[in-house]
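Chain by chain, the residues:
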Amino acid sequence: MDQVNRQKRIMWWSRILAAATLVLAVALPPLVFITVLLLPVDMLAASAHVAPPPSALSSGTQLLIALVASLPALLLSWGLWALRPALISFGRGACFAPVVFGALKRFAVALFVSALLRVAVVPLTGVILSIGHEQGALSLRFGMGDLQTMLLAAGVWILAWIIVEAAALDAENKQFV
Amino acid sequence: MQIEVHLAVVLAQRGVSGRALAEHIGITQANLSLLRQGKVKGVRFETLAKICDYLDCQPGDLFTFRRD
């Protein structure tokens, strides 16, 4: 594939990804919030790896759980929003624009922290489910999915550094005729 | 130490305009102007070959090395 076709492919897919990230960034937090809000209490307890509470949850408690569960999605949504300037820049054919480094870095931070938050949300949900009951429960889990997300975030961060190096090379290359 | 560019001289000797050369080698007139003034970091072999071909000269006619 020659350079022109490669650049066209990058621009095409970047535009599609920019649109997809926009949709995801806007839709993800409310979707997670509504899903958790409508989840039956026994399923909520199962997802928090604790026993279901003996009595029904108050609407305030359910709302609090939905808010807590939405935090990772909210952060990821911010990360996707922050990534968009890079994708828009790729879509215009400017792969080494100054905006790219910052956008990738913010996305990596959002990915990493949202994975950490996901780990914290499970025990937090368990604690909230236990509020007002005699017996409390706490469960902390760290899965391969969380680890993979953190590794991906680290990879994106390194990619951001590589983009800075590439931008310097590109700037130098432009001084050759 | 620096490389001196004699492209302007060779162009004048051949009676070729910068515009015609820029068009032939496929670079902008702005870049050719920078090359004439020696204000570029380097010249690609591809560009150099096209210049030499068009002006019927050798690379040594275009550049000299001067020790400060």
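Values in this document were obtained by computation on a predicted structure and should not be read as measured data.

Let us now look at the packing of helix 2 (residues 18-25) of chain B against helix 4 (residues 45-55) of chain B. Residues and elements named next belong to chain B. Relative to each other, helix 2 and helix 4 sit at 130°, their axes nearing to 9 Å. Overall, the two elements helix 2 and helix 4 adopt an arrangement that is oblique. At the point where helix 2 passes helix 4, the crossing takes the right-handed sense. Seen from helix 2, the contacting residues are A20, L21, H24 and I25; seen from helix 4, they are T47, K50, I51, D53, Y54 and L55. Among the residues forming the contact of helix 2 with helix 4, the class breakdown is six nonpolar, two polar and two charged.

Further remarks concern the packing of aromatic side chains. All names here are of chain A. Inspection of the entire model under this criterion finds one aromatic pair over all chains. Judged by centre distance (6.2 Å) and plane angle (90°), the ring pair of W157 and W161 falls under edge-to-face. Pair noted here: W157 and W161 are both in helix 5 (residues 144-173), with a separation of four residues, about one helical turn. Residue classification places W157 among the partly exposed positions, given a relative accessible area of 30%. We classify W161 as partly exposed; its relative accessible area is 49%. A cation sits over an aromatic face here: R84 above W81, 5.5 Å from the ring centre.

Examined against the element boundaries, A:R92 turns out to sit in the loop between helix 3 (59-91) and helix 4 (98-130). Linking A:R92 and A:L104, residues twelve residues apart in sequence, is a C-alpha distance of 17 Å.

Let us look at helix 5 of chain A. Because an α-helix completes one turn every 3.6 residues, residues spaced three or four positions apart along the sequence face the same direction. Residues and elements named next belong to chain A. Taking 1.5 Å as the rise per residue, helix 5 with 30 residues should run 44 Å; its terminal C-alpha atoms sit 42 Å apart, in good agreement. If you check which residues of helix 5 are buried, you get D146, T149, M150, A153, V156, A160 and I163. Tucked inside the fold, the buried residues of helix 5 contact helix 4.

This brings us to the nonpolar core. Residues and elements named next belong to chain A. In terms of nonpolar packing, the biggest core is built from 19 residues, with F90, V100, L104 and F107 touching the most fellow members. Elements supplying a minimum of two residues to this core: helix 1 (3-38), helix 3, helix 4 and helix 5. No other element matches the six residues that helix 4 contributes to this core. Excluding residues within four positions of it along the chain, F107 makes contact with G79, L80, L83 and V156.

One non-glycine residue with positive phi stands out, namely B:D56, at about 50°. Here B:D56 falls in the exposed class, since its relative accessible area comes to 66%.

Let's shift gears to the layout of surface pockets. All names here are of chain A. What the largest pocket holds in volume is close to 340 Å³. In terms of lining residues, the largest pocket is bounded by 13 residues, among which Q3, Q7, G93, F96 and D170 are the most central. Per-element accounting of the lining of the largest pocket gives the leading share, four residues, to helix 1. Grouping the constituent residues of the lining of the largest pocket by class yields five nonpolar, four polar and four charged.

Overall, the coordinates contain zero disulfides over all chains when judged by the stated rule. In this model B:C52 remains outside any disulfide bridge; the closest cysteine sulfur is found in B:C57, 4.3 Å from its own.

We now examine the pattern of salt bridges. Residues and elements named next belong to chain B. Using the criterion set out here, one finds five salt bridges over all chains in the structure. Its salt-bridge partner being E46, residue K50 comes within 3.8 Å of it at the nearest N-O pair. Of the two residues, K50 and E46 both sit in helix 4, four residues apart, roughly one turn of that helix. Using a relative accessible area of 55% as the deciding quantity, one classes E46 as exposed.

Definitions and limits used
Residues numbered from 1 in each chain as written. Chains lettered and ligands numbered in written order. Predicted model: local features only at pLDDT ≥ 70, side-chain atom pairs only at ≥ 80, totals over all residues. Heavy atoms only, no water. Axes fitted to C-alpha atoms, helices over the stretch in contact; angles between N-to-C directions. Helix = DSSP H or I, 4+ residues; strand = E, 2+ residues; numbered from the N terminus. Parallel < 35°, antiparallel > 145°, perpendicular 65-115°, else oblique. Left-handed = near helix turned anticlockwise from the far one by under 90°. Contact = heavy atoms within 4.5 Å. Nonpolar A, V, L, I, M, F, W, Y, C, P; charged D, E, K, R; others polar. Phe/Tyr/Trp six-rings, centres within 6.5 Å; stacked < 30°, edge-to-face > 60°. Buried < 20%, exposed > 50% of the residue type's maximum accessible area, 1.4 Å probe, protein only. Lys NZ or Arg CZ within 6 Å of the ring centre and 35° of its normal. Expected span 1.5 Å × (residues − 1). Core = buried A, V, L, I, M, F, W, Y, C linked by side-chain atoms within 4.5 Å. 1 Å grid on protein atoms, 1.4 Å probe; cavity = no way out; pocket = protein on both sides within 12 Å on 5 of 7 lines; lining within 4 Å. Points joined across faces, edges and corners; volume = space filled by probe spheres on them. Disulfide = S-S within 2.5 Å. Salt bridge = Lys/Arg side-chain N within 4 Å of Asp/Glu carboxyl O.

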